[in-house]
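# Geometric and topological summary
These are the residues of each chain, in order.
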Amino acid sequence: MSDINLIGLPYQFGRRSDDHGYQMARGPEVLLGPDAVPEAFDSAFGPTESVWLDDLDDAKSSDAGGRPLSPGDQMVRQLVQNNGLSAAVRQAKSRGLFPVVAAGGCNSSIGTVGGLDDPALGMIWLDAHHDAETPETSPDGLFEGMPVSVIAGRCWKRWSERIDGFHVMPEHHIMQVGLHDLSFVDPRDREFRGIGHLVDPVAMRGSTFEKTFAEALTALRRHVDRVYVHVDADVIDASYMRGNLHAATGGPSPDQVRWAVERAAGELRIEALSLTSYDVAVDPSAPAVLVPLLTDLARSALKSRA
């Protein structure tokens, strides 16, 4: 058996349906299909267990320790789903397995952080967007644009307290990579680039991706020795593949993402890895990039734990 536990969370905006125009909830179904990541992982690492979290559609009376929840509400659904993911990650960790999560949306990162239950944890966030809005700064209230702010304790504090094992992460424990699509950013907020140590177009002016990443990693290492690595499919430059409707040019190549995670794994222990937000309707050929990429990232992560 391998030392990895694959975990699938097939939800986007708290739902599995595609009637909202996105099909990111189907991303985990494709990526964790038997001839995709599981086959690649079985070949690379030996037989790999998978957990499929598809029974978290809404609140039940037993959720949140018996405290009342309101079925039907988007934030309640996402609370239930993040608590389910937290439990799965915690279970994998307790068995000495490395959690690799495929999820429909980036807010799943909150549940992954909860499952790791580590107040000293850091995070490397690879994404075309900083996802660090708050209800006060977001022009449309999109929760998918807020998970980094939630993790950093900038918003939704009472909500995140109800996720088992969740600890607010100090901002100097966070490193963000990519952030090259500004189409969602309100022009009034252009000076805010993200949270923590940044590897973005501004930081890379007059330099290279590799040098800027290495400098940010050195700064992160002053504060943490273990991290969660989050990869949004749209971090990859759109000239290579389109992870979703919001993929853009100006991001790292797949090989640069490989290099970055391998470099991080050489200096920090990676506690969990996730790949999120692949929209199957936008680029059906993307698994040809994403499956070998996730396999290589998992290989680097396992080396960090040896």
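Details of the structure are given in the entry above.
The following refers to the structure shown. (Residues numbered from 1 in each chain as written. Predicted model: local features only at pLDDT ≥ 70, side-chain atom pairs only at ≥ 80, totals over all residues. Heavy atoms only, no water.)

### Looking at the nonpolar core
Worth spelling out the cut-off: Joining through side-chain atoms within 4.5 Å is the link that ties buried Ala, Val, Leu, Ile, Met, Phe, Trp, Tyr and Cys residues into a set, and such a set is a nonpolar core. Throughout, exposure labels follow a simple rule: accessible area from a 1.4 Å probe, protein chains only, divided by the maximum for the residue type, with under 20% read as buried, over 50% as exposed, and the rest as partly exposed. Runs of H or I in DSSP of at least four residues are treated as helices and runs of E of at least two as strands, each being numbered from the N terminus.
The biggest cluster of nonpolar side chains holds 49 residues, and the ones touching the most others in it are F41, I124, M175, F213, V229, L273 and L290. Here this core takes seven residues from helix α9 (residues 287–304), the largest share from any one element. Formed by 39 residues, the second largest nonpolar core is a distinct cluster that contains I110, M123, Y228 and A272.

### A closer look at the environment of T249
Keep this limit in mind: The contact definition used throughout considers only heavy atoms, calling two residues in contact when any of these lie within 4.5 Å.
In this fold, T249 is placed in the loop between β7 (226–232) and α8 (254–265). Using a relative accessible area of 57% as the deciding quantity, one classes T249 as exposed. Remark: the alpha-carbon pair of T249 and D237, spanning 12 residues in sequence, is separated by 4.9 Å. Leaving out residues up to four positions away in the same chain, T249 has contacts with H180, D237 and A238.

### Observations concerning the sheet that holds strand β3 (residues 98–103)
Rules: In this scheme, strands are said to pair when DSSP sees at least two bridges between them. Axis definition: a line fit to C-alpha positions, over the contact stretch in the case of helices; interaxial angles, taken between N-to-C directions, run 0 to 180 degrees.
Taking strand neighbours across the sheet as the criterion, the eight strands line up as β2-β1-β3-β8-β7-β4-β5-β6 in an open arrangement whose pairing is parallel. One side of each edge strand has no neighbouring strand; the edge strands of this open sheet are β2 (49–52) and β6 (197–199). Direction aside, the axes of adjacent strands within the sheet are offset by 15 degrees on average. Here strand β5 (residues 174–178) pairs with β6 via three bridges, running parallel. Paired with M175 across the two strands is H197, which belongs to β6. The sheet strands contacting helix α2 (residues 37–45) are β1 (4–9) and β3, and the helix crosses β1 at an angle near 175 degrees. Lying over the sheet, α9 contacts β1, β3, β7 and β8 (269–276), oriented at roughly 165 degrees with respect to β8.

### Comments concerning α2
Basically, it comes down to this: In this description, the arc belongs to the directions extending from the helix axis to the C-beta atoms.
Residues V37, P38, F41 and F45 constitute the buried set of α2. Relative to the axis of α2, the buried residues are bounded by an arc of 95 degrees and lie together on one face. Taken together, the buried residues of α2 touch β1, α1 (27–31), β3 and α9. At the exit of α2 stands G46, carrying a positive phi of roughly 100 degrees.

### Side note on the pattern of salt bridges
The criterion, for reference: Counted as salt bridges are all cases of a side-chain nitrogen of Lys or Arg within 4 Å of a carboxyl oxygen of Asp or Glu.
Overall, the coordinates contain 14 salt bridges when judged by the stated rule. Between E29 and R16 there is a salt bridge, and its shortest N-O distance comes to 2.7 Å. Highlighted residues: E29 in helix α1 and R16 in the loop between β1 and α1, separated in sequence by 13 residues. The exposure class assigned to R16 is partly exposed, which follows from its relative accessible area of 29%. Note that E271 and R305 form a salt bridge whose closest N and O atoms lie 3.3 Å from each other. One end of the pair, E271, is in strand β8; the other, R305, is in the segment after α9, with 34 residues separating them in the sequence. Among the residues examined, E271 registers a relative accessible area of 11% and is labelled buried. Three or more residues are tied together by salt bridges with common partners; here these are D255, R258, D296 and R299.

### Things to note about the packing of aromatic side chains
Aromatic ring pairs are defined here through the distance separating the ring centres and the angle between the ring planes. To keep things clear, this is the line we draw: Two aromatic rings, drawn from Phe, Tyr or Trp (for Trp, its six-membered ring), form a pair once their centres lie within 6.5 Å of each other, and the interplanar angle then sorts them: stacked below 30 degrees, edge-to-face above 60, tilted otherwise.
Within the structure shown, the criterion is met by eight aromatic pairs. Aromatic side chains F41 and F45 sit 5.2 Å apart centroid to centroid with 85 degrees between the ring planes, which places their arrangement in the edge-to-face category. Pair noted here: F41 and F45 are both in helix α2, with a separation of four residues, about one helical turn. By the burial criterion, F41 is buried, and F45 matches it. Through successive ring pairs, a cluster of aromatic residues spans F143, W156 and W159.

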